[in-house]
Amino acid sequence: MNTSHLPLDGIRVLEVCNVAAGPFCGLLLADMGADVVKIENPDGGDTLRTWPPISDGYSENFASLNRNKRSVTLNLKNVVDREMFLDLAAESDVLVENNRPGVMERLGVSYRALKERSPKLVYCSISAYGQSGPRSQEGGFDLTIQAMSGIMSVTGERGGAPVKCGVPLADFSAGLYAAFSIVAALRRADRTGLGTHLDIPMLGATLGIAALQTSEYFGSGRDPDKLGSAHPRNAPYRVFRCRDGYFGMAAGNNALWKAVCATLGRDDLAQDDRFQSPTLRAKHQDALLEVLEKEFVHADISTWLERFRQAGVPCAPINSYSEVLQDPQVDHMGWVQPLELPNGVKTRTFLSPIRMDDQNLPVHRRPPALGEHNAEILGPLRSLSSAGGAPAGQ
């Protein structure tokens, strides 16, 4: 496939990862044109391959994170396979792994082992808590990191049981941090000839995207509260009940608040001392909610959305995924595209949301079957080994 127009064309990435955080990082790099070679254990491969929905034996969850990649199977506990892996690493620019700290070293494929063969190698390790420290040997999944990081303490309704965010924020924020860091490190490697070992902890990534919550604690000495859909410093900025359900509306400044009042025909609210600023409205938002929902009960969701859109007030329906994926904006951006699975089943996928020069990043390679590219990638290494020659780049 021709990827010469993509910014990471010519970059080889080895992905030694399972499930979400690492594979999402690899996906971001692959979408930008990198040649991502997914290294999988011959005994089943990436755990995500077993996750439903399964279409004629192939996981659509796996497909969503592994397009534009190639797959080879290597058992890194096997001496011959490990040597082929080391040869591949020597010819690569990046290695991404999301094993528990110490695993790659025990297998003989740590950064320390690989940098001697490839000084420019960017080696990225994603883990639950980091490569060192008192928790480094603890395992972690998105659920446990959401619990540990404080996300659960601010998610859900006040007084309710702890709940996690429905989207795996810890996994995917770590993948984003990893991809960004890899691209930055590649630039340094080009400039200095030196690679690096990137340490991407899921806990740190999740705290990193909680800057507003951590700064609230640092500034006030108080833990942020669980507020449901409400905002701690702004109002009206939440989900509201109306005649036939709920909608979201965010009047994030005084001008928008005045537009809300005008839309309701309640200019008196704009003069209410409790509602004179975003801070005051947030302080009195329980009272504000009661006042507004008494007005909203007189019309349905579609009516309020239309009225607020006409007034320039940001608002939205509470969509299901089936609804948002059919939204005209999603259609206009061309984000949902056909995807073929290795078994020939035709499905759909959500592409990278990034556009370059008004063009979507393409699917240039369907997601791979387990070990589909063994002959293509490992064949030359096996031929050289059997002939007694040194692999290219050695």
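Not measured: the values here are computed from a predicted model.

Engineer: How would you explain the overall build of the protein chain if you had to name every residue and give the values?
Structural biologist: Scanning the protein chain for helices and strands turns up 17 helices and 15 strands. Each principal axis of the C-alpha distribution contributes one length, and for the protein chain these read about 85 × 45 × 40 Å. Residues counted as buried form 44% of the 394 residues belonging to the protein chain. Of the contacts made within the protein chain by residues no fewer than 6 positions apart, 68% connect residues no fewer than 24 positions apart. About 19900 Å² of surface is accessible on the protein chain, with carbon and sulfur atoms providing 53% of the total. Each charge sign in the protein chain was given a centre, from 40 positive and 45 negative side chains, and these centres are 3 Å apart.

Engineer: Outline the sheet that holds strand β9 (residues 237-242), listing residues and values.
Structural biologist: Pairing within the open sheet is antiparallel, and its three strands lie in the order β9-β10-β11. If you trace the sheet from one side to the other, it starts and ends with β9 and β11 (315-317), each paired once. Across the sheet, the axes of successive neighbouring strands diverge by a mean angle of 30°, strand direction being ignored. Looking at chain direction, strand β10 (residues 245-250) and β11 are connected through three bridges and run antiparallel. Residue pairing across strands places G248 opposite A316, the latter belonging to β11. Lying over the sheet, helix α14 (residues 301-310) contacts β9, β10 and β11, oriented at roughly 15° with respect to β10.

Engineer: So, the nonpolar core: which residues are in play, and what are the values?
Structural biologist: Counting 33 residues, the largest nonpolar core has L29, V96, I126 and I182 as the members making the most contacts within it. Where this core is concerned, the elements lending two or more residues are α1 (21-31), β6 (94-97), β7 (122-127), α7 (169-192), β8 (196-201) and α8 (202-208). When sequence neighbours within four positions are dropped, the list of residues in contact with I182 reads C25, L29, V94, V96, V122, C124 and L198. Counting residues in hydrophobic clusters, the runner-up holds 27 residues, among them C242, L256, L288 and A299.

Engineer: Help me get a handle on helix α10 (residues 254-264), residues and values and all.
Structural biologist: Because an α-helix completes one turn every 3.6 residues, residues spaced three or four positions apart along the sequence face the same direction. Taken as a whole, α10 has its buried residues at L256, W257, A259, V260, C261 and L264. Among the structural elements, β10, α11 (267-271), α12 (278-283), α13 (285-296) and α14 are those in contact with the buried residues of α10. Two or three places before A255, at the opening of α10, N253 has a side-chain oxygen 3.2 Å from that residue's backbone nitrogen. Where α10 terminates, the next one or two residues include G265, which has phi positive at roughly 70°.

Engineer: Quick one: what's the story with the pairing of strand β2 (residues 35-40), residue by residue and with numbers?
Structural biologist: Among the six residues in β2, five count as buried, and that is most of the element. Once you follow strand β1 (residues 12-16) into α1 and on to β2, the crossover reads as right-handed.

Engineer: Outline the environment of V183, listing residues and values.
Structural biologist: Along the polypeptide, V183 turns up in helix α7. For V183, a relative accessible area of 40% puts it in the partly exposed group.

Engineer: An account of the pattern of salt bridges is needed here, citing residue identities and associated values.
Structural biologist: For the structure shown, the criterion picks out 21 salt bridges. Note that D286 and R158 form a salt bridge whose closest N and O atoms lie 3.9 Å from each other. Placement of D286 in helix α13 and of R158 in the loop between α6 (142-149) and α7 is noted, with a sequence separation of 128 residues between them. Under the relative-accessibility criterion, R158 is labelled exposed at 55%.

Engineer: Summarise the packing of α1 against α7; cite the residues concerned and give the values.
Structural biologist: Relative placement of two packed helices is described by the angle separating their axes and the distance separating the axes. For the pair α1 and α7, the least separation of the axes is 8 Å and the interaxial angle reads 45°. In this view, α1 runs oblique relative to α7, as classed from their interaxial angle. Between α1 and α7 the crossing geometry is right-handed. Between α1 and α7, the contacting residues are A21, F24, C25, L28 and L29 on the first element and D171, F172, A174, G175, L176, A178, A179, I182 and V183 on the second. Partitioning the contact of α1 with α7 into residue classes produces 12 nonpolar, one polar and one charged.

Engineer: Now, about the environment of R49: what can you tell me, with residues and values included?
Structural biologist: Relative to the assigned elements, R49 resides in the loop between β2 and β3 (54-55). For R49 and V260, which are 211 residues apart along the polypeptide, the C-alpha to C-alpha distance reads 49 Å. Here R49 is in contact with E40, G44, I54, Y58, S59, F62, S71, P368, A369 and L370, once residues within four sequence places are set aside.

Engineer: Go over the pairing of β10, please, and point to the residues and values.
Structural biologist: Note: β9 against β10, six bridges, orientation antiparallel. Directly across from C242, in β10, lies its bridge partner G245. Taking the residues between adjacent antiparallel strands as the criterion, β9 and β10 are bridged by two residues.

Quick notes on the rules
- Residues numbered from 1 in each chain as written.
- Predicted model: local features only at pLDDT ≥ 70, side-chain atom pairs only at ≥ 80, totals over all residues.
- Heavy atoms only, no water.
- Helix = DSSP H or I, 4+ residues; strand = E, 2+ residues; numbered from the N terminus.
- Buried < 20%, exposed > 50% of the residue type's maximum accessible area, 1.4 Å probe, protein only.
- Contact = heavy atoms within 4.5 Å.
- Areas by Shrake-Rupley, 256 points an atom, 1.4 Å probe, with all protein chains shown as cover.
- Lys, Arg positive; Asp, Glu negative; His and termini not counted.
- Charge placed at Lys NZ, Arg CZ, Asp CG, Glu CD.
- Pairing = 2+ DSSP bridges.
- Axes fitted to C-alpha atoms, helices over the stretch in contact; angles between N-to-C directions.
- Core = buried A, V, L, I, M, F, W, Y, C linked by side-chain atoms within 4.5 Å.
- Polar contact = N/O pair within 3.5 Å; in protein donor to acceptor, adjacent residues only side chain to side chain.
- Right-handed = clockwise from strand over helix to strand, strands pointing away.
- Salt bridge = Lys/Arg side-chain N within 4 Å of Asp/Glu carboxyl O.
- Parallel < 35°, antiparallel > 145°, perpendicular 65-115°, else oblique.
- Left-handed = near helix turned anticlockwise from the far one by under 90°.
- Nonpolar A, V, L, I, M, F, W, Y, C, P; charged D, E, K, R; others polar.

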